[in-house]
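Commentary on secondary and tertiary structure
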Amino acid sequence: MILRYIIGLLPYLISAGICIWVGRLATTRKQDVASRALAGLAYSEALWVFAYILQILSHRIEIGLFWNNIQFLAASLLPVFYLGFALDYNYRQIPFKRFNWKLLFGLAGLMVAFIWTDALHGLFRINPQVIQRDLFYALEFQNGSLFGIYTVYAYTLIILATLFFVVKYIGAPRLFRRQVGTLLVGTIIPWLVSIITAAGWIPLNLHDLVPLSFGISNLIIAWALFRHHLLDLVPVARDTLFENLSDAVIVADTGKRVLDANPAACALFSTPAETLVGREITSLLPLAENWADFGIGRSTQITELSLPGKGTTQHYQVKVNRLIQDNGELSGYIITLHNITEQKQVELDLRRSMALLQATVDSSASGLVVFDQDLNVILYNQRLVKLFDLPNNWHNQIDHHPLDMLAQKMSDGSPFLSTVEEIIRHSVEETSITLDLHSGVTLDCLMTTYRLEGKQIGWLFSFRDITERKLAEQKLHELAITDSLTGVFNRRHFYYVAQTELERSHRYDRNMAIILLDIDHFKWINDTFGHLVGDQMLQALAQRCRSNLRVFDTIGRFGGEEFIILLPETCIKEAVVIAERLRHAVEAISIPTARGKAFITISLGVACFEPGKPISLDQLVDAADKALYQAKENGRNRVAVYQQQQDTLPGID
């Protein structure tokens, strides 16, 4: 018998325990404005459950009515705490922010007084009686007119609170909708259960199910406390200022010496470019001796330094990028100096005058937007509107949060939203991300914490157009791997591509051929027609070869008038056919000159890697060179094939 009692009461005891646990968790978060209302809500639910347990154990009518009165004490307080929790949690979104919901306890007290004096007026319960159901006792009565008034009171407050949570969910940015949605589901479960059972939609008793639903409800709220950081992941804000000025750019070689500098860098150091070239970087900038030590996996370093300027010290953000070739080798550095003197000054002025901030933001070359702690837009400039092509009143759209409006203009908005979530979750002081817009513009987005007297109060997002800089960096990379005269790959990059292809051919037992070609009597061309015509011949030769090669073939300038060609998946017979096609195509080249038309011919040497015969790239090129020499010896303007019996080349172990 005792075991049956325990089994029957255990679900309600568990539900009450969960309510007390959640109330305790909320109580420990006293710094959060909504924690007290949540704690009151959970403790009131626990009181309801305990009173219900004692009521179903009471067989005497007067004791059953006493515990039923305790239940309605909790039931009268619950709607007030629920509305209070909704108001405190959404206090920035509701229309009547200054309303003191605690005044509603007076109305709740009046309802409790009427219910507890029911024995005098009989307007709440009509014909109450205790009926035994299996192990426990049920208090049954007909609802009086006062019960209807209580129902209107309770569900009016509940509907209002639920509407506030729905409005919060609709207006929340995508980052926080899961948090608000979880909270809405958790708090609304008991009220849905009470409506369903009261309407008779399921054949179960209202008073039996509602106490159990409190446990489920509080489990969901507890999950929100830990999983979604309910109460402490309210969108905390950041704010700062960033201005865009002309950047100074320095290109350095692997020896950390200046190779080139743009006009802004020359103006910064008051020195012409030819004087800067060749100087050590550390002789120009007060950088540490190990400024080029990036560490494993890093390709960019950012630091700040100060330089003497005209009348005042100038502050710069220094960004160092490594130039890495396709073969992984370091070819140099790009050092960018961005003047942040005005940005730092404006950050100071921002604490003194919001009017000065607005004027500065509007004159900035960067697109700026300032968010408060709830991710509401409090400031932005027209440059931002122009960069993102935003509509009027974009920051007050009902169906789109400002963050979502910005993300929709990006080719892929997920990294942007993830970065925003990261700085909010982990209180990151500063971070940056590169973004591509649908319009083709590339932006550098800097997200920085704004603090006032040490307290974090907002964010500022700065969007700087770096499209031209990105194109310049791509151009520098292209110059690093191509021959400037002919436009084909230079020798170093060709070797990288050829080595990769040779390793693939070894791995998969595929043929691969190399053609080495040389212009016949090129010195005579230069001596007779001039070096300008000679350069035109080299360019025409490179273009003619590229137009007669396959899309997957690769050509590079080997040196002087020599070119080298890589033919993947090509046997010796196919390579000879291609070489002959190139020879005939080059024969058709003619350059008009003052001394008549200039023609050229070429000699070609062909060597091939065959599966099962290991060979290194240097050996393969050397074989093609030997074949080229043979073509020259045999009278030029012909193709020669390297024959293994000519010269024994050692294989690879």
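What comes next is a walk through the structure. (Residues numbered from 1 in each chain as written. Predicted model: local features only at pLDDT ≥ 70, side-chain atom pairs only at ≥ 80, totals over all residues. Heavy atoms only, no water.)

1. Some details on the overall build of the protein chain
Looking only at helices and strands, the protein chain has 22 helices and 19 strands in total. Counting every position in the protein chain, which comprises 653 residues, the buried fraction comes to 48%. Look at the contacts in the protein chain between residues 6 or more apart in sequence, and 61% of them connect residues 24 or more apart. Element-wise, carbon and sulfur atoms account for 57% of the exposed surface of the protein chain, whose accessible area totals about 32000 Å². (Helix = DSSP H or I, 4+ residues; strand = E, 2+ residues; numbered from the N terminus. Buried < 20%, exposed > 50% of the residue type's maximum accessible area, 1.4 Å probe, protein only. Contact = heavy atoms within 4.5 Å. Areas by Shrake-Rupley, 256 points an atom, 1.4 Å probe, with all protein chains shown as cover.)

2. Comments concerning helix α3 (residues 61–89)
With 29 residues, α3 should reach 42 Å at 1.5 Å per residue; the first-to-last C-alpha distance of 42 Å fits that figure. Most of α3 sits inside the fold, with 21 of its 29 residues counted as buried. (Expected span 1.5 Å × (residues − 1).)

3. Section: the packing of aromatic side chains
Per the counting criterion, the structure on display carries 17 aromatic pairs. Aromatic pair Phe81 and Phe105: ring centres 5.2 Å apart, planes at 65 degrees, arrangement edge-to-face. Of the two residues, Phe81 is situated in helix α3 and Phe105 in helix α4 (residues 104–116); the sequence distance between them amounts to 24 residues. Here the aromatic residues Phe72, Phe124, Phe147, Tyr150 and Tyr153 are joined through ring pairs into a cluster of three or more. (Phe/Tyr/Trp six-rings, centres within 6.5 Å; stacked < 30°, edge-to-face > 60°.)

4. Brief notes about the sheet that holds strand β15 (residues 562–568)
Read from one edge to the other, the open sheet built from five strands follows the order β14-β15-β13-β18-β19, with strand pairing classed as mixed. A single partner strand is all that each edge strand has here, and the edge strands are β14 (554–559) and β19 (639–641). Across this sheet, the average inter-strand angle for adjacent strands is 20 degrees, counted without regard to direction. With eight bridges connecting them, strand β13 (residues 512–519) and strand β18 (residues 602–609) associate as antiparallel partners. Across the sheet, the residue bridging to Ile515 is Val606, located in β18. The strands that helix α20 (residues 531–547) touches are β13, β14, β15 and β18; relative to β13, the one it contacts most, it runs at about 155 degrees. (Pairing = 2+ DSSP bridges. Axes fitted to C-alpha atoms, helices over the stretch in contact; angles between N-to-C directions.)

5. Overview of the sheet that holds strand β5 (residues 300–308)
On the basis of which strands lie adjacent, the open sheet formed by five strands has the order β4-β3-β7-β6-β5 and antiparallel pairing. On the outer flanks of this sheet lie β4 (258–261) and β5, each paired with one strand and no other. For this sheet the average axis-to-axis angle between neighbouring strands, irrespective of direction, equals 25 degrees. As defined by bridge partners, strand β6 (residues 313–324) adjoins strand β7 (residues 330–339) across nine bridges and the pair is classed as antiparallel. Looking at β7, one finds that Gln317 is bridged to His338. The strands touched by helix α17 (residues 467–481) within the sheet are β3 (248–252), β6 and β7, with β7 carrying the most contacts at an inclination of about 160 degrees.

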